[in-house]
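Architecture at a glance
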Amino acid sequence: MAIAFVKSFRTYKTIKQAIVLSNALVLDGLEADTSTVTVKGVDVNRSDIGNWLVIDAKVYAIAAVKPQKDRTMLTITFPLDAFSRPLELPAVQDGQSIGGFTQACLQANWAECDDPEYAMPYLTVSSADPTPFVPPELDNNGCFQLPEYCRLMRKAYRVWPEFVDAGNTLRCTIVKQPTAQRQVVFNDGRSQLQSVDYSSSGIAKLTVFCDVDTGQTDAEGNPILERQRSEWYLSAAGTISQSVPAIRASGKWDVISVKKPEEISAKVTEAFAKNKKSHKLEFWSTIDLKVHDDCTFMVYGELLNSYISYKRKSSSDGRFYYKSGELATTATEKLRGVLK
């Protein structure tokens, strides 16, 4: 019999517990998503929206509560989404890493926040990531959202904050996930194909414009800029280069503009990471894979190189449910993509 524990947002102390009747838990994913847990009774109520829920040793944030006669359905989100508010870009030290920057943001704005209503003094953050810092994209107010930044850094550089329940503390460790090559076949009794869809919406080649100051001025005193161009390619295996790969990824040819030459490589990596939407494969499996594992699939006699983007497990099935790729195939997912 599984037990879910409710922990206070302010103190991280356990304030309630409930017997779990059923659940469908998204264990991990490259995009924001929700899970559902149905618990016995109505003790967990609307006052718990915003509190933490620990179930099966994993931490989630309670986003919605739907009470019924003898049970309550909870909608829960990834812990990262509890850190959603616009942040101004702080001063960044020389030699800063992506992980170090993320750690500093979490500490300054939550762990050490001076407003007790929003402070998380129980949050401990550490970073083991050496990846050179990449600045976030800022909105018109000069702000950014930490969850959006973290998810893009995960897609582009495999850097990710992992949240773990540590008793009296919520522990966050920012890590760089190593690459892993896995093979999945659908005729070995372990994996069952659910569906596969393809699209040509991904980007496979980029032309990059960068207007560089020549140090000269025109007759009106305006700086004279020189446009530099470079071309970048994506291989079928997901590697990025300025030379044409032996096996090229399929997709469209796009153009981006970058302000500084030293930012070109990072912006190219981010652009390719944002547009890996050429397919989605969904399947059940008893194999325990990790999100972002690179996988080779044999699908209806055709080889597909992809990566795990979603992992779920429910109380009604002992297998894992996976999505590979990020193609939006349902009306709801397509609408979500438009609204972002």
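This report concerns the structure included in the present document. All chains use their own residue numbering, which begins from 1 and follows the written sequence. Only residues with pLDDT of at least 70 are given local features in this predicted model, and only at 80 or more are side-chain atom pairs given and counted; all residues enter the totals for whole chains, interfaces and linings. Note that the side-chain values use all heavy atoms of the structure and ignore hydrogens as well as water.

Describing the pattern of salt bridges
The condition is simple: Salt-bridge detection follows one rule: a side-chain nitrogen of Lys or Arg within 4 Å of a carboxyl oxygen of Asp or Glu. Segments assigned H or I by DSSP are reported as helices when at least four residues long, segments assigned E as strands when at least two residues long, and all are numbered from the N terminus. When accessible area is computed with a 1.4 Å probe and restricted to protein chains, residues below 20% of their type maximum are described as buried, those above 50% as exposed, and intermediate ones as partly exposed.
Using the criterion set out here, one finds 15 salt bridges in the structure. A salt bridge links Lys16 to Asp48, with the nearest nitrogen and oxygen atoms 2.7 Å apart. One end of the pair, Lys16, is in strand 2 (residues 14-29); the other, Asp48, is in the loop between strand 3 (34-40) and strand 4 (52-55), and 32 residues separate them in sequence. Judged by its relative accessible area of 22%, Lys16 is partly exposed. Asp81 serves as the salt-bridge partner of Arg151, at 3.0 Å between the closest nitrogen and oxygen. Pair noted here: Arg151 is in helix 2 (residues 146-157) and Asp81 is in the loop between strand 6 (71-77) and strand 7 (86-88), with a separation of 70 residues, a long-range link. The class for Asp81 is partly exposed, based on a relative accessible area of 21%.

Things to note about the packing of helix 1 (residues 98-111) against helix 2
The cut-off we apply is this: To obtain each axis, a line is fitted to C-alpha atoms, and for helices this fit is confined to the stretch in contact; angles are then taken between N-to-C directions over 0 to 180 degrees. By definition in this entry, angles of less than 35 degrees are roughly parallel, angles greater than 145 are roughly antiparallel, angles of 65 to 115 are roughly perpendicular, and the rest are oblique. For any pair of crossing helices, the crossing counts as left-handed if the nearer helix is rotated counterclockwise from the farther one by less than a right angle, and right-handed if it is rotated clockwise. Any pair of residues with heavy atoms lying within 4.5 Å of one another is described as a contacting pair.
Packing of helix 1 against helix 2 brings their axes to within 12 Å, and their N-to-C directions diverge by 165°. In terms of axis orientation, helix 1 runs roughly antiparallel to helix 2. Crossing of helix 1 over helix 2 shows left-handed handedness. Of the residues in helix 2, those touching helix 1 at Ile98, Phe101, Thr102, Cys105, Leu106 and Trp110 are Leu146, Tyr149, Cys150, Met153 and Tyr157.

A word on the sheet that holds strand 10 (residues 159-165)
Worth spelling out the cut-off: A pair of strands counts as paired when DSSP detects no fewer than two bridges linking them.
Strand order in the open sheet made by the three strands is 8-11-10, with mixed pairing throughout. Each of the sheet's edge strands pairs with one partner strand only, and the pair in question is strand 8 (123-127) and strand 10. In this sheet, neighbouring strand axes are inclined to one another by 20° on average, regardless of whether the strands run parallel or antiparallel. Across five bridges, the pairing between strand 8 and strand 11 (residues 170-176) is parallel. When the sheet's bridge partners are listed, Ser127 is paired in strand 11 with Ile174. Relative to strand 8, helix 1 is tilted by about 165°, and along the sheet it contacts strand 8, strand 10 and strand 11. Packed onto the sheet, helix 2 meets strand 10 and strand 11 and runs at close to 120° relative to strand 10.

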